[in-house]
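Observations on chain architecture
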Amino acid sequence: MIIISQLNWLYFLMLIMSFFDLISSRHSVRAFKEQKISDNVIEKILTAATRASSAGNLQSYQIFVITKKEDKKRLAVAAHGQNFIENASAVFVFCADPVTSAREYGKRGEDLYCIQDATIACSYAQLAAHSLGFASIWIGSFIEEEVTRVLDLPSGLRAVAMLVVGIPAEKPEITPRRPLSEIIRTL
Ligand SMILES: Cc1cc2nc3c(=O)[nH]c(=O)nc-3n(C[C@H](O)[C@H](O)[C@H](O)COP(=O)(O)O)c2cc1C
């Protein structure tokens, strides 16, 4: 019995260690090799995204998966010419669904929760991609109307983040962070 519980603790500690290793080793990549990733990998990333918390568990977002070169090119143009996007293996576009959230939560759902739902899901997807050994970059700088056009988004859906995933063609340094003392406030 004691051995089992000690093993559980060991397992738990290993999980904690690997989680912190995972988040501290992730970094953005802005150069990709032109290679495909398998449907299985894409599905794993999507499944991880949907495990994220969402307001009322409504998951008020839709995720578009773009893998065709021509479409990635159009997204790169919509993202002010961030051309590395077209070489990546897949672009996941996270779109908030204000209507779904508003049904339950009114204006707060429409203005805030659906955006949070979509972005938290995107965060999970980014960590999942990293944990599977793929590089990524979060793209927020894009012309929303352009992305709406490229994806032919149904009215109501709002593109809030693109997650570009692929095989890295560069190895940038891990970026520094502001010290906690600059960020944490206590009352
Ligand atoms: C909301 C948001 C928008 C971002 N938009 C862009 C973008 O349009 N282009 C880009 O190259 N990086 C973009 N990034 C990536 C950040 O520049 C990057 O995460 C940050 O510099 C920290 O580096 P790291 O991801 O390597 O830790 C964005 C990140 C976030 C969270």
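Structure's up top.
Residues numbered from 1 in each chain as written. Predicted model: local features only at pLDDT ≥ 70, side-chain atom pairs only at ≥ 80, totals over all residues. Heavy atoms only, no water.

Time to look at the overall build of the protein chain. Helix and strand counts for the protein chain stand at six helices and five strands. The dimensions of the protein chain, computed from C-alpha atoms along their principal axes, are 60 × 45 × 40 Å. A separation of at least 24 residues holds for 78% of the contacts in the protein chain among residues at least 6 apart in sequence. Here the protein chain displays about 11600 Å² of accessible surface, and carbon together with sulfur accounts for 56% of that area. (Helix = DSSP H or I, 4+ residues; strand = E, 2+ residues; numbered from the N terminus. Contact = heavy atoms within 4.5 Å. Areas by Shrake-Rupley, 256 points an atom, 1.4 Å probe, with all protein chains shown as cover.)

Our focus in this paragraph is the nonpolar core. Core analysis: the largest hydrophobic core is formed by 25 residues, its most contacted members being V93, I139, V147 and M162. Secondary-structure elements contributing two or more residues to this core are α3 (69–78), β3 (90–96), β4 (135–139), α5 (144–151) and β5 (158–168). In this structure V93 touches Q62, I63, F64, I66, L75, V147, L151, A159, A161 and M162, once residues within four positions along its chain are discounted. Counting residues in hydrophobic clusters, the runner-up holds 22 residues, among them I42, F94, A118 and F134. (Core = buried A, V, L, I, M, F, W, Y, C linked by side-chain atoms within 4.5 Å. Buried < 20%, exposed > 50% of the residue type's maximum accessible area, 1.4 Å probe, protein only.)

Close to the ligand lie R26, H27, S28, R30, Q82, I137, W138, I139, G140, S141, T175 and R177, which account for all nearby residues. A distance of 2.6 Å separates an oxygen atom of the ligand from a polar side-chain atom of R30. Broken down by class, the residue content of the shell around the ligand amounts to three nonpolar, six polar and three charged. (Near = heavy atom within 4 Å. Polar contact = N/O pair within 3.5 Å; in protein donor to acceptor, adjacent residues only side chain to side chain. Nonpolar A, V, L, I, M, F, W, Y, C, P; charged D, E, K, R; others polar.)

Within the secondary structure, S101 is located in helix α4 (residues 98–131). Not counting chain neighbours up to four residues away, the residues in contact with S101 comprise L58, S60, G106, G109, Y113 and C114.

Where α3 is concerned, the buried positions are K72, L75, A76 and A78. Projected down its long axis, α3 carries its buried residues within an arc of 160°, all on one side. Of the exposed residues in α3, the ones pointing more than 90 degrees away from its buried face are E70 and V77. On its buried face, α3 sits against β2 (61–66), β3, α5 and β5. Where α3 ends, the next residue or the one after it, H80, has phi of about 55°, a positive value. (Arc of directions from axis to C-beta.)

Moving on: the packing of α3 against α5. Packing of α3 against α5 brings their axes to within 9 Å, and their N-to-C directions diverge by 165°. In this view, α3 runs roughly antiparallel relative to α5, as classed from their interaxial angle. Seen from above, α3 lies across α5 with right-handed handedness. The segment α3 lies against α5, with D71, R74, L75 and A78 engaging E146, V147, R149 and V150. Taken together, the residues that form the contact of α3 with α5 break down as four nonpolar, no polar and four charged. (Axes fitted to C-alpha atoms, helices over the stretch in contact; angles between N-to-C directions. Parallel < 35°, antiparallel > 145°, perpendicular 65-115°, else oblique. Left-handed = near helix turned anticlockwise from the far one by under 90°.)

Before going further, it helps to spend a moment on the pairing of β4. For β4, the tally of buried residues reaches four of five residues, placing the bulk of the element in the interior. Relative to β5, β4 runs antiparallel, the two sharing five bridges. Across the sheet, the residue bridging to A135 is G166, located in β5. (Pairing = 2+ DSSP bridges.)

The next thing to look at is the environment of P168. Structurally, the position occupied by P168 is in strand β5. Sequence spacing of P168 and K44 is 124 residues, and the spatial spacing of their C-alpha atoms is 19 Å. Filtering out sequence-adjacent residues up to four positions away, P168 remains in contact with V29, A31, K33 and A135.

Another point: unusual backbone geometry. Look at Q59: it is not a glycine, yet its phi comes out positive at around 50°. Located in the positive-phi region is D152, a residue other than glycine, with phi close to 50°. By the secondary structure assignment, D152 is in the loop between α5 and β5. A relative accessible area of 64% places D152 in the exposed class.

Remember, this is a structural readout, not a statement about activity or role.
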